[in-house]
Amino acid sequence: MNPGKARGEALVSRSPLSFYGGVDPKTGVVVERGHELQGKSVAGKILVFPRGKGSTVGSYVIYALKKNGVAPLAVVNEETEPIVAAGVILADIPCVDGVDLSQLETGDLVEVDADRGRVEVLRKGGKPQGF
Amino acid sequence: MYLTRDQERMLEGEEGEVVERMFRLLVRLGELYGADRMIPVSSCQVSGVSYKSVGEPGLEFLEDLAGKGARVKVRTTLNPAGLDREGWREMGFPEDFAEKQFRILEAFRRLGAELTATCTPYLAGVVPSRGEHLAWSESSAVSFSNSVLGARTNREGGPSALAAALCGVTPRYGLHLEENRRPTLLVEVEGELRGPSDFSALGYWVGKEAGGEIPYFRGIRGAGTEELKALGAAMAASGAVALFHVEGITPEAGEVETEGLERVRVGRREVEDSYESLTTGEEPDLVVLGCPHASLGELSRTASLLRGRRVKKPLWICTSRRVKEEASLSGLRGEVEGAGGRIVADTCAVVSPLERMGFETVGVDSAKAAHYLPGLCGVRVVFAPPERLLEGILG
C-alpha cells in the first residue's frame, strides 16, 4: 500500500478505527469512547486494524501523528480504505493491506516489509487466547 | 495503471516532494478503485476548510504544504469556512477560532486556491459543462454537478480533492465512466411538492432508502435549480447518493434505461415523515436558511416574506460571498437587514462554532442541516418550510 520497512511490537484492534476524534494527534492515544484500544498509544507500534472509518479528516490526523513524533511505525490492514490510504501516504508510513489479521496479536514482535507487501511474526508475545 | 511520461516524472519526484506524495496518493486510490489511467480535471473543490472540521492537524498540514511552495494546477475553490470573513466579530464568533480559521484560509491562498468558500460553487462562478471531469468533495455540490449539470466527479475526500488540485488529474473510475452513471433505483413521486424544503424532506427519505444507489425520479414536475439543489443535498446527507436523474429535467435522464429497476413509491407521507423525524426541538432561538448556500432567487423570496416586518430572534441566511455581494448591490441585503436578518457569507451553521455561541434550538428549512446540527453543534432543531419558521420569529 505504501512502501517502507519496520519492525516492532504489534498493537491489534479487531474493530475499525476512526482517526478523527478517535486518536489524539498530540499524544497518539486512542480516545474513542468504548473502543477496544481506548487509552492505548499507537506511538512506535505496528498498528493492526481491519480498516479505517469516520471522517476524511482522519488522513490529516495520521499526518499530525507523524509530525508530532507519535505515529505508528507501520500500519497493517485487512483493507486500506481511502482515509487511511491518504493518511499513510501523506505521512510516509509503511502500510500493507490485504492481510489476514487473525494471526496477529497485541504484543507480537512483527516485521513489516511494505515494499513486498509482507508481514511476518518474529516472536509471539501476546497473551494466550481466552486468557 | 497506465501513466504518461509526465506523470511518471511526478511520481519520481521531479516536481518536488509535495507533488510526488500527492500523486502517489492518487495512484493508490486509482489502484484501489480499479482505475486504468488518470484524467485531467477542469476544476477542484476542496472540503475540510473550517477549523472546526480539520482542527490543528489540518491547519498544520495545509501550512506545511504552503510552506513547501506547492501550487494548484487547476481552478480550485473551497468548501465553507467556519466564519463570515467580514462579519464574524460583529456576529460573536470566538476570537481564538477566527485566528486559526484565517491561518487556514491564508494557507489555501498561498496554495493558489480561490477563497470562494461555498458549498455551491455552481452559483458562484464555477459552472462546469456537461461531460467535464472534476474533483469535487462537497457532497451536495458533487450531486448537483453530476446530476443537474451532467459534469463528472466522484465524491472526493478533502485530501484527494487537494491532491487532484496539486496534480491537475484524478484517477478515472466510478462516476467518470459512462457505464457507472446509469440509474439503479426507480423512485415514483406522487402528489405535489411545494418549494425546496419539501424536496429536501423527500430527498432525505429517499437517501435513507437508496444508500449508494443512483435514483431515477419519475413524477417530479417544475423543479428548478433550488429544488434540485435541496433534493441532492438531502440524499447525500442521509445516503451516499452522488448522482440522480429526474425524468424530463436532468440532462442524462433521457438517455438511460429504466426498465427492470427496483421501484419505490413516495409522496406526501414521506415528506411529512422527514419533517417530523428530524425535528427534535420546539421554539427556535435562531433560524438559519441557506443549506446548501442560498441562491439569489432564494434570498429574494426570503426578503419578500420579511417585507414590512421585523424578526424577534436572530435570522441567518447563509450564502456564498459572490451572492452576498450581488445582494448588496441589488438592495436585497438592505431589505433583509432592515427586517433584522443577516446575510452570512463564507460559512454555514454546520461548520461554524455554533455550540460556543449560546444557541440551543435552531430552525432550519434543510434536511441536511437538520441531520448534522444536533451531532456537530450540540443543538436541537426544528425542520420546517421557511414560511413557517419565519412566521414563528416575525413580530
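About the thresholds
Residues numbered from 1 in each chain as written. Chains lettered and ligands numbered in written order. Predicted model: local features only at pLDDT ≥ 70, side-chain atom pairs only at ≥ 80, totals over all residues. Helix = DSSP H or I, 4+ residues; strand = E, 2+ residues; numbered from the N terminus. Buried ≥ 20, exposed ≤ 12 C-beta atoms within 10 Å, placed from the backbone. Contact = placed C-beta atoms within 7 Å. Rg over C-alpha atoms; globule rule 2.2 N^0.38 Å. Nonpolar A, V, L, I, M, F, W, Y, C, P; charged D, E, K, R; others polar. Pairing = 2+ DSSP bridges. Axes fitted to C-alpha atoms, helices over the stretch in contact; angles between N-to-C directions. pLDDT = per-residue confidence, 0-100. Domains from an automatic or database assignment. Expected span 1.5 Å × (residues − 1). Right-handed = clockwise from strand over helix to strand, strands pointing away. Parallel < 35°, antiparallel > 145°, perpendicular 65-115°, else oblique. Left-handed = near helix turned anticlockwise from the far one by under 90°.

In this section: the overall build of chain B. When helices and strands are tallied, chain B shows 14 helices and 14 strands. Expressed as lengths along the three principal axes of its C-alpha atoms, the size of chain B is roughly 65 × 55 × 35 Å. The buried share of chain B, reckoned over its 395 residues, is 56%. Pairs at least 24 residues apart make up 80% of the contacts formed inside chain B by residues separated by at least 6 positions.

On to the overall build of chain A, then. The helix and strand inventory of chain A stands at two helices and eight strands. Mapped from its N terminus to its C terminus, chain A presents α and β elements in the order β-β-β-β-α-β-α-β-β-β. Compactness check: chain A gives a C-alpha radius of gyration of 13 Å against a globular reference of 14 Å for 131 residues, within 12% of the reference. With the C-alpha coordinates aligned to their principal axes, the bounding extent of chain A is approximately 35 × 35 × 25 Å. Split into buried and exposed, the 131 residues of chain A put 48% on the buried side. Here the analysis covers contacts within chain A between residues at least 6 apart in sequence; of these, 64% occur between residues at least 24 apart.

Further remarks concern the interface of chain B and chain A. With 18 residues of chain B in contact, the opposing surface of chain A contributes 16 residues. Counting residues per element, the ones that place at least two in the side of chain B that touches chain A are α2 (17–33), α3 (51–67) and α6 (158–167) of chain B. If you tally residues by element for the side of chain B that touches chain A, the top one is α3(B), at seven residues. Of the residues that constitute the side of chain B that touches chain A, the class distribution is seven nonpolar, six polar and five charged.

Looking now at the sheet that holds strand β10 (residues 286–294) of chain B. Residue and element names in this part refer to chain B. Read from one edge of the open sheet, five strands run β12-β11-β10-β13-β14, paired in parallel fashion. Here the strands that pair on one side only, and so sit at the sheet edges, are β12 (342–345) and β14 (380–383). In this sheet, adjacent strand axes meet at a mean angle of 30° when their direction is disregarded. Pairing of strand β11 (residues 315–319) with β12 involves four bridges; the strand directions are parallel. Bridge pairing in β12 places Thr319 opposite Ala345.

Let us look at the confidence of the model for chain B. Residues with a pLDDT of 70 or more make up 100% of chain B, whose mean pLDDT is 96. Across the assembled chains, the prediction reports ipTM 0.76 with pTM 0.91.

To continue, consider the domain arrangement of chain B. Residues and elements named next belong to chain B. Parsing chain B into structural domains produces domain 1 (5–177), domain 2 (182–275) and domain 3 (279–393). A C-alpha centroid distance of 24 Å is found between domain 2 and domain 3. Taken together, the contact pairs 16 residues of domain 2 with 15 residues of domain 3. Breaking the side of domain 2 that touches domain 3 down by element, the ones donating at least two residues are α7 (195–210), α8 (225–238) and α9 (268–278). Ranked by residue count, the leading element in the side of domain 2 that touches domain 3 is α8, at eight residues. Its residues assigned to classes, the side of domain 2 that touches domain 3 comprises seven nonpolar, seven polar and two charged.

All names here are of chain B. Here Ala242 shows up in the loop between α8 and β8 (245–246). Judged by the 23 C-beta atoms lying within 10 Å of it, Ala242 falls in the buried class. Considering only alpha carbons, one finds Ala242 and Ser145, 97 residues apart in sequence, at a separation of 9.2 Å. Leave out the neighbours within four places in its chain, and Ala242 touches Val142, Ser143, Asn146, Arg155, Leu175 and Ala236.

Let us now look at the sheet that holds strand β7 (residues 109–113) of chain A. The sheet built from six strands is open, its strands ordered β6-β5-β3-β1-β7-β8 (chain A) with mixed pairing. The open sheet has two edge strands with one neighbour each: β6 (95–96) and β8 (118–123) of chain A.

Once that is clear, we can look at α2(B). The terminal C-alpha atoms of α2(B) lie 25 Å apart, and with 17 residues this matches the ideal 24 Å at 1.5 Å per residue to within 8%. Turning to α2(B), its buried residues are Val18(B), Val19(B), Arg21(B), Met22(B), Phe23(B), Arg24(B), Leu25(B), Leu26(B), Val27(B), Arg28(B), Leu29(B) and Gly30(B). At its buried positions, α2(B) is contacted by α2 (82–91) of chain A together with α1 (5–11), β1 (38–40), α3, α6 and β5 (169–171) of chain B. Among the residues trailing α2(B), Gly34(B) stands out with phi positive, at a value near 75°.

This part takes up the pairing of strand β3 (residues 75–78) of chain B. Residues and elements named next belong to chain B. Bridge count for strand β2 (residues 43–46) against β3 is four bridges, and the pairing is parallel. Within β3, the residue paired with Cys44 across the bridge is Thr76. For the crossover that starts at β2, traverses α3 and ends in the parallel β3, the hand is right-handed.

All names here are of chain B. Between α2 and α6, the shortest axis-to-axis distance is 9 Å and the interhelical angle comes to 120°. Here α2 lies oblique to α6, going by the angle between them. Where α2 crosses over α6, the two elements pack in a sense that is left-handed. Contacts from Val18, Val19, Met22, Phe23, Leu25, Leu26 and Leu29 of α2 reach α6 at Pro159, Ser160, Ala163, Ala164, Leu166 and Cys167. Along the lines of polarity and charge, the residues of the contact of α2 with α6 split into 12 nonpolar, one polar and no charged.

All names here are of chain B. Residue Pro292 follows Cys291 across a cis peptide bond; omega there is -10°. Along the polypeptide, Pro292 turns up in strand β10. For Asp346, which is not glycine, the phi torsion reads 70° and is therefore positive. Position of Asp346 among the secondary structure elements: in the loop between β12 and β13 (361–364). Of the residues examined, Asp346 has 29 C-beta atoms within 10 Å and is grouped as buried.

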